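Chain by chain, the residues run as shown.
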Amino acid sequence: MILKPNVSIAFKGNNGKYVMLNTSLFQFSQCVYVFDVVKKAEIDGGVLDISIICPICGDNHKYNFSYRKLINKGVSIGGCEKFGTPVLYIGNENKIQDKISKYNNFHRDIYGFLSSDS
Ligand SMILES: [Zn+2]
């Protein structure tokens, strides 16, 4: 098996909708430019170090994911520390796509309504 240094990551945005990014570990830090909730995204010794302003409670949450564990697990979930609601998915692209497409489709009507003036 060839270890591909790729990772997919999806964050719940401030509009409540998940957005996914397919990136490489080498470009992981670009998450801070892509996602409005991400304040820090760094890799240190195979550990992904993420800091966000939570779109649910507004507090700062920090997450650490071992890249090796991510590969084995398929997908890992980071939740709001106060409410336990998922705010980020990281790992395998197809598995994340599956989770967020169900969520985004389910909420599509609400967000369609909220964004109708833009
Ligand atoms: Zn939170």
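Look above for the structure.
Here we summarise the structure given alongside this text. All figures in this text were calculated on a predicted structure; none of them were measured in a lab.

**Quick word on the overall build of the protein chain**
Next up, step 1: Each helix and strand counted, the protein chain has four helices and seven strands in total.
Next up, step 2: Secondary structure elements of the protein chain occur, N-terminal to C-terminal, as β-β-α-β-β-β-α-β-β-α-α.
Next up, step 3: Within the protein chain, buried positions represent 23% of all 118 residues.
Next up, step 4: Sequence separation of 24 or more characterises 33% of the internal contacts of the protein chain that already satisfy a separation of 6 or more.

**Things to note about the sheet that holds strand β5 (residues 60-66)**
Hydrogen bonding along the main chain pairs the strands of a sheet, whether they run parallel or antiparallel.
Next up, step 1: Strand order in the open sheet made by the three strands is β3-β4-β5, with antiparallel pairing throughout. Both outer strands of the open sheet, β3 (38-44) and β5, are each paired with one neighbouring strand and no more. Here the average twist between neighbouring strands, direction ignored, is 10°.
Next up, step 2: The pairing of strand β4 (residues 47-53) with β5 spans seven bridges and is antiparallel. The residue bridging Leu48 from the neighbouring strand is Phe65, located in β5.

**Brief notes about the pairing of strand β2 (residues 18-24)**
Next up, step 1: Bridge analysis of strand β1 (residues 6-12) against β2 gives seven bridges, and the strand direction is antiparallel. Pairing of Ser8 across the sheet is with Asn22, part of β2.

**Let's talk about the environment of Arg68**
Next up, step 1: On the secondary structure map, Arg68 appears in helix α2 (residues 67-73).
Next up, step 2: For the pair Arg68 and Val47, spaced 21 residues apart in sequence, the C-alpha separation works out to 8.5 Å.

**Some details on the nonpolar core**
Next up, step 1: Judged by nonpolar contacts, the single largest core of 22 residues is most densely connected at Ile9, Ala10, Phe11, Val38, Ile52 and Leu88.
Next up, step 2: Contributing elements (two or more residues each) for this core: β1, β2, β3, β4 and β7 (86-91).
Next up, step 3: Those residues within four positions of Leu88 in sequence are excluded, and the remaining contacts are Ile9, Ala10, Phe11 and Gly78.

**A few points about the sheet that holds β1**
Next up, step 1: Ordered in space as β2-β1-β7-β6, the four strands form an open sheet in which the pairing is antiparallel. Strands at the two margins of the open sheet, each flanked by one partner only, are β2 and β6 (75-79). Along the sheet, successive strands turn relative to each other by an average axial angle of 15°, direction set aside.
Next up, step 2: As judged from the four bridges shared by β1 and β7, these two strands associate in the antiparallel manner.

**As for the environment of Ile71**
Next up, step 1: Note on placement: Ile71 falls in helix α2.
Next up, step 2: The exposure class assigned to Ile71 is partly exposed, which follows from the 15 C-beta atoms found within 10 Å.
Next up, step 3: Expressed as a C-alpha distance, the spacing of Ile71 and Asn6, which sit 65 residues apart in the sequence, is 9.7 Å.

Reading the values: rules and limits
- Residues numbered from 1 in each chain as written.
- Predicted model: local features only at pLDDT ≥ 70, side-chain atom pairs only at ≥ 80, totals over all residues.
- Helix = DSSP H or I, 4+ residues; strand = E, 2+ residues; numbered from the N terminus.
- Buried ≥ 20, exposed ≤ 12 C-beta atoms within 10 Å, placed from the backbone.
- Contact = placed C-beta atoms within 7 Å.
- Pairing = 2+ DSSP bridges.
- Axes fitted to C-alpha atoms, helices over the stretch in contact; angles between N-to-C directions.
- Core = buried A, V, L, I, M, F, W, Y, C linked by C-beta atoms within 7 Å.

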